[in-house]
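Each chain, letter by letter, is given below.
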Amino acid sequence: MSKKLLVLTGSARPNTVSDALLPYFEQAVAAHEGTTLEVVKVADLNLPFYNAPTPPSAEGYEATDAKVKSWSEKVQDADAVIWLMPEYNHSITGIQKNAIDWLYAEWKDKPLGIVAYGFYEGKYVLESIQNVIDVVSPDVRNKVGLGLMKHLNPDGSAIEEDEVVSRINAIVAAVLS
């Protein structure tokens, strides 16, 4: 049975660590026969700042913006999702939060993994995203953190490549199980 894994990056920076981590996701997914990987770079979504007249959680909510509709379809079509989350000022990035906020039903019970990274191993982004998870109710299968200057260099290259590979393999396996 084929499966589709969607990875949402969290930074619009041209030299984001997320880009350096994507090959590890490609390798991890290749180990799961019949699984395809779709990477959605949050900047490429080019979503408007959330401005819908009703919240996505409201009964009868329907996205009207074409970019939001396309984003919604990508998440709906995925069997599982991983949020690749950089830690900015001890929290989630605004652009990634906006992408998450545009959707609601699409997240409900969706198998989800989170890979957070930063100087504190993504500790604070994992804490701050919990409030969002409590509302949108995905099926969180695993959360891992990667530390800059511990596991990764600031350019995203691996310091402890075995540990990076192990953590990414574990999260991919968890969301696809």
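In the block above lies the structure referred to throughout.
This is a predicted model, so every value here is computed, not measured.

Asks: Which parts of the structure should I look at to understand the pairing of strand 2 (residues 35-40)?
Replies: Walk down a regular strand and you will see the side chains alternate between the two sheet faces. Strand direction decides the pairing type here: strand 1 (residues 3-8) and strand 2, joined by six bridges, are parallel. Counted as the bridge partner of leucine 5 is leucine 37 from strand 2. Remark: the strand 1/helix 1 (residues 17-30)/strand 2 crossover connection has right-handed handedness.

Asks: Please clarify how unusual backbone geometry should be interpreted in this entry.
Replies: The bulk of non-glycine residues show a negative phi, and the bulk of peptide bonds are trans. You will see that asparagine 89, though not glycine, has its phi angle at about 50°, which is positive. Inspection of the secondary structure puts asparagine 89 in the loop between strand 3 (80-86) and helix 4 (94-101). Positive phi, close to 65°, is recorded for aspartate 109, a residue that is not glycine. Within the element layout of this structure, aspartate 109 appears in the loop between helix 4 and strand 4 (111-118). Of the residues examined, aspartate 109 reaches a relative accessible area of 53% and is grouped as exposed.

Asks: Explain the pattern of salt bridges here, please?
Replies: Should their charged atoms come close, side chains of opposite charge can pair. Taken as a whole and judged by the stated rule, the model has eight salt bridges. Residues lysine 74 and glutamate 38 are paired through a salt bridge, measuring 2.8 Å at the closest nitrogen-oxygen approach. Here lysine 74 is found in helix 3 (residues 66-77), whereas its partner glutamate 38 is found in strand 2, with 36 residues between them in sequence.

Asks: I'm lost on the side chain of histidine 151 in this one. Help?
Replies: In this fold, histidine 151 is placed in the loop between strand 5 (139-147) and helix 6 (161-176). Polar contacts involving the side chain of histidine 151 include one to the side chain of arginine 167, which spans 3.4 Å. Contacts of histidine 151, omitting those with residues within four sequence positions, involve Glu121, Gly145, Leu146, Ser157, Ala158, Ile159, Glu160, Glu163, Val164 and Arg167.

Asks: What is the right way to read the packing of helix 1 against helix 6 from this model?
Replies: Any two packed helices are characterised by how steeply their axes cross, that is the angle between the axes, and by the distance between the axes. Where helix 1 meets helix 6, the closest approach of the two axes is 9 Å, and the angle between their N-to-C directions is 55°. With respect to helix 6, the axis of helix 1 lies oblique. Considering only the axes of helix 1 and helix 6, their crossing is right-handed. On helix 6, the residues that touch Leu21, Tyr24, Phe25, Ala28 and Val29 of helix 1 are Glu161, Val164, Val165, Ile168, Asn169, Ile171 and Val172.

Asks: Is there a simple way to explain helix 1 in this structure?
Replies: Every α-helix winds through 3.6 residues per turn, so residues three or four apart in the chain are directed the same way. Along helix 1, the residues classified as buried are Val17, Ser18, Leu21, Leu22, Tyr24, Phe25, Ala28 and Val29. Where the residues of helix 1 are buried, they touch strand 1, strand 2, strand 3, strand 4, strand 5 and helix 6. Capping the start of helix 1, threonine 16 holds a side-chain oxygen 3.2 Å from the backbone nitrogen of serine 18, two or three residues further along.

Asks: What is the right way to read helix 6 from this model?
Replies: Taking 1.5 Å of rise per residue, the 16 residues of helix 6 would be expected to cover 22 Å, and the 22 Å separating its terminal C-alpha atoms lies within 8% of that figure. Within helix 6, burial applies to Val164, Ile168, Ile171, Val172, Ala174, Val175 and Leu176. Elements in contact with the buried residues of helix 6: strand 1, helix 1, strand 2, strand 3, strand 4 and strand 5.

Cut-offs applied
- Residues numbered from 1 in each chain as written.
- Predicted model: local features only at pLDDT ≥ 70, side-chain atom pairs only at ≥ 80, totals over all residues.
- Heavy atoms only, no water.
- Pairing = 2+ DSSP bridges.
- Helix = DSSP H or I, 4+ residues; strand = E, 2+ residues; numbered from the N terminus.
- Right-handed = clockwise from strand over helix to strand, strands pointing away.
- Buried < 20%, exposed > 50% of the residue type's maximum accessible area, 1.4 Å probe, protein only.
- Salt bridge = Lys/Arg side-chain N within 4 Å of Asp/Glu carboxyl O.
- Polar contact = N/O pair within 3.5 Å; in protein donor to acceptor, adjacent residues only side chain to side chain.
- Contact = heavy atoms within 4.5 Å.
- Axes fitted to C-alpha atoms, helices over the stretch in contact; angles between N-to-C directions.
- Parallel < 35°, antiparallel > 145°, perpendicular 65-115°, else oblique.
- Left-handed = near helix turned anticlockwise from the far one by under 90°.
- Expected span 1.5 Å × (residues − 1).

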